[in-house]
Amino acid sequence: VGPTFGSVKAEALEHHAGWQADRDKSLGQRLDYVEAVFGRDTPVGDVKTIDLDRLVGSLKKRPGINGKLSPGTINRYLAAASAVLTFAKKREYIIGVPSVPWQLEAGHRIHWLTQEGEQEVINNLTAEGLLIDALIVRVLAATGLRWSEFVSLEPGMVEDGWIKLTTTKTDTPRDV
């Protein structure tokens, strides 16, 4: 029969190199949901594309911000399920990973502040006496740092007008 989806999920969480808990706070919740849909005691080798289709159907019935979950959110659940199945394949628990029914996403939202909008935020924060917050907005806007990168800054990471980041969301060091 082989290992169950639940046991492989637990093993993957313990050993999967890309699953640091601080990177994605919702990963555990998504994996728990996938496990509930598939069944904790279902042999991982018995998970087929039809089960992934059932997962998608279940997710489409769940409420979201605008009434239903977006295709992008559904894809994140599918990615979690796919990662467990890929982990099972690498551990030779299964021969192949079923085809994943990825959902078509309608393009990415792009959000940015204009220079005028940035200055308005800074002016409002300054007027409220929130000078440190205003400085933070200025640094984030000027550098494009992610919040997690900003809060983990240390003096040794700033050199000759550059911020040298070694720990990033994509695990790719970069300088800004």
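Numbers given for residues are sequential positions, taken from 1 along each chain in its written order. Totals for whole chains, interfaces and linings use all residues, but because this is a predicted model, local features are given only for residues with pLDDT of at least 70 and pairs of side-chain atoms are given and counted only at 80 or more. Excluded from the side-chain calculations are hydrogens and water; all other atoms, namely the structure's heavy atoms, are used.

## Here we look at the overall build of the protein chain
Numbering of helices and strands runs from the N terminus, with a helix taken as a DSSP run of H or I at least four residues long and a strand as a DSSP run of E at least two residues long. Regarding its fold elements, the protein chain presents seven helices and three strands. Sequence-ordered secondary structure for the protein chain, helices as α and strands as β, is α-α-α-α-α-α-α-β-β-β. C-alpha extents for the protein chain along the principal axes are approximately 65 × 40 × 25 Å. Categorising residues by exposure relies on relative accessible area from a 1.4 Å probe, with only protein chains included: less than 20% of the type maximum marks a residue as buried, more than 50% marks it as exposed, and the intermediate range marks it as partly exposed. Split into buried and exposed, the 176 residues of the protein chain put 32% on the buried side. By definition, residues are in contact when any of their heavy atoms lie within 4.5 Å. Excluding contacts between residues fewer than 6 apart, the proportion of contacts in the protein chain whose partners are at least 24 apart in sequence is 52%. Computed by Shrake-Rupley with a 1.4 Å probe, the accessible areas treat only the displayed protein chains as cover when residues are assessed. Just so you have it, the protein chain exposes about 11,700 Å², and 55% of that area is on carbon and sulfur atoms. The charge count includes Lys and Arg as positive and Asp and Glu as negative, but it does not include His or the ends of the chains. A charged residue contributes its charge at one atom only: NZ of Lys, CZ of Arg, CG of Asp or CD of Glu. In the protein chain, which carries 21 positive and 23 negative side-chain charges, the distance between the mean positions of the two groups comes to 8 Å.

## Some remarks on the pairing of strand 2 (residues 162-165)
Here strand 2 shows one buried face, formed by Ile163 and Leu165, and one open face, formed by Trp162 and Lys164. Bridge count between strand 1 (residues 158-159) and strand 2: two bridges; the pairing is antiparallel. Bridging across to strand 2, glutamate 159 finds its partner in tryptophan 162. Two strands make a pair as long as DSSP finds a minimum of two bridges between them. In this structure, the hairpin formed by strand 1 and strand 2 is closed by a connection of two residues, where aspartate 160 is found at a positive phi of approximately 55°. Here strand 2 pairs with strand 3 (residues 174-175) via two bridges, running antiparallel. By the bridge assignment for strand 3, leucine 165 is matched with arginine 174.

## Remarks on the nonpolar core
In terms of nonpolar packing, the biggest core is built from 27 residues, with Phe5, Val34, Phe38, Val44, Leu55, Leu59 and Leu78 touching the most fellow members. Secondary structure elements with two or more residues in this core: helix 1 (5-15), helix 2 (27-38), helix 3 (49-60) and helix 4 (71-90). A per-element tally of this core places helix 4 first, with nine residues. Counting six residues, the second-largest nonpolar core is a separate cluster that includes Ile136, Leu145, Met157 and Ile163. Buried Ala, Val, Leu, Ile, Met, Phe, Trp, Tyr and Cys residues form a nonpolar core when they are joined through side-chain atoms within 4.5 Å.

## Observations regarding the packing of aromatic side chains
Centres within 6.5 Å make a pair out of two Phe, Tyr or Trp rings, where for Trp the six-membered ring is used; the pair is then stacked when the planes are under 30 degrees apart, edge-to-face when over 60, and tilted otherwise. Going through the model one piece at a time under the given rule, you end up with three aromatic pairs. Judged by centre distance (5.6 Å) and plane angle (75°), the rings of tyrosine 33 and tyrosine 77 are edge-to-face. Highlighted residues: tyrosine 33 in helix 2 and tyrosine 77 in helix 4, separated in sequence by 44 residues. The exposure class assigned to tyrosine 77 is buried, which follows from its relative accessible area of 5%. Measuring from ring centre to ring centre gives 5.5 Å for tryptophan 147 and phenylalanine 150, while their planes differ by 35°; the resulting arrangement is tilted. Here phenylalanine 150 and tryptophan 147 lie together in helix 7 (residues 147-151), a separation of three residues that amounts to about one turn. Assessed through its relative accessible area of 19%, phenylalanine 150 is described here as buried. Only Lys NZ and Arg CZ are tested; either one counts as a charge over a ring when it is within 6 Å of the ring centre and within 35 degrees of the ring normal. Between the NZ or CZ atom of arginine 62 and the centre of the ring of tyrosine 33, over which it lies, the distance is 4.4 Å.

## A few points about the side chain of serine 82
By the secondary structure assignment, serine 82 is in helix 4. The class for serine 82 is buried, based on a relative accessible area of 13%. Apart from residues lying up to four places away in sequence, serine 82 is in contact with Val100 and Trp102.

## A look at the environment of phenylalanine 150
Note: C-alpha distance between phenylalanine 150 and valine 139 (11 residues apart in sequence) is 8.7 Å. If sequence neighbours within four positions are ignored, phenylalanine 150 has contacts with Ile136, Val139, Leu140 and Leu145.

Honestly, that's just the spatial picture; any functional story needs more than this.
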